[in-house]
Amino acid sequence: MSTAEFTDILYEKADHVARITINRPKSLNAYTNHTMREIVLAVQDASFDAEVGVVVITGAGERAFCAGGDVKWEDEGGLEATYDYFPDIHNAIRCCLKPVIARVNGYAIGGGHHLAYACDLTIAAEHAIFGQNGPSVGSPADGFTVARLSTIIGHKRAREMWFLNRRYTAAQMLDWGLVNAVVPYDRLDEEVDAWCDEILAKSPTCLRVNKASFEGALDNMRNPTFSVQRMLAPNYLGSEEQMEGTKAFLEKRKPDFNKFRRNVPELYTSGV
């Protein structure tokens, strides 16, 4: 797929800045496997383009940066594809040895939240909302994707976000260190451009060395197979428990997970 064939994202390069916009505003910029693949290809293209010095990732419209996985798509079997594609997004951002800025213009929830914190810097509009969804909808993100948050805001707060799935304002996330700057929405582009300009004034080689140094320090956290869920509960996807979370979300009701509080290894492992 060439960059000219993108359908789920907008991709443009100008003045040494590559901008990637998730363009699915009707679904709050939620992603499918197709969306994820396009993001990866765009980040990789920007990484190899010597004229690009900064990458900006954002969502279309004013309501959402990214609301995570498209639940309707996940309900049709797409959740498992997340394990094949979403780690690639993290890898692409890590391997792009140019600063990547998340321009958070609204909801950054679930996969959209960890897409934002995978970026090197995060600049948010005042109305932006952050949070995780996984245990609330039966979507078991795992491995490096989960653990990386603890390196940004500390273990206690990271575990709070993942275990409780609360919603947090941009101001709270600025206080916690998850966000670098918060501005009114009508100043968001101005602020992002100012950060881009500052970065572009710096030595590109030094920036590459700096980023590689940060990412190298995280290599010991990486799970190369991204298989924590598959190791602990290989039969979980498609199970009654997983489907309860998805269906409750689609039916706009609170999920009932109490009936699944039994011996999880017996329920979801292969019996080995």
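The structure presented is a predicted model; accordingly, all values stated were derived computationally and were not measured. (Residues numbered from 1 in each chain as written. Predicted model: local features only at pLDDT ≥ 70, side-chain atom pairs only at ≥ 80, totals over all residues. Heavy atoms only, no water.)

Engineer: Quick one: what's the story with unusual backbone geometry, residue by residue and with numbers?
Structural biologist: One non-glycine residue, Asp15, adopts positive backbone phi at about 55 degrees. Position of Asp15 among the secondary structure elements: in the loop between strand E1 (9-14) and strand E2 (17-22). For Asp15, a relative accessible area of 67% puts it in the exposed group. Positive phi values are uncommon outside glycine, yet Asn165 reaches one of about 60 degrees. Along the chain, Asn165 turns up in the loop between helix H6 (155-164) and strand E9 (168-169). Accessibility expressed as a relative area gives 10% for Asn165, which makes it buried. (Helix = DSSP H or I, 4+ residues; strand = E, 2+ residues; numbered from the N terminus. Buried < 20%, exposed > 50% of the residue type's maximum accessible area, 1.4 Å probe, protein only.)

Engineer: Explain the packing of helix H3 (residues 111-118) against helix H5 (residues 144-153) residue by residue, including any values.
Structural biologist: Between H3 and H5, whose axes approach to 10 Å, the crossing angle comes to 50 degrees. Relative to H5, H3 is oriented oblique. Where H3 crosses over H5, the handedness of that crossing is left-handed. Residues His113, His114, Tyr117 and Ala118 of H3 form the contact with H5, whose participating residues are Thr145, Val146, Arg148, Leu149 and Ile152. Of the residues assigned to the contact of H3 with H5, the class counts are five nonpolar, three polar and one charged. (Axes fitted to C-alpha atoms, helices over the stretch in contact; angles between N-to-C directions. Parallel < 35°, antiparallel > 145°, perpendicular 65-115°, else oblique. Left-handed = near helix turned anticlockwise from the far one by under 90°. Contact = heavy atoms within 4.5 Å. Nonpolar A, V, L, I, M, F, W, Y, C, P; charged D, E, K, R; others polar.)

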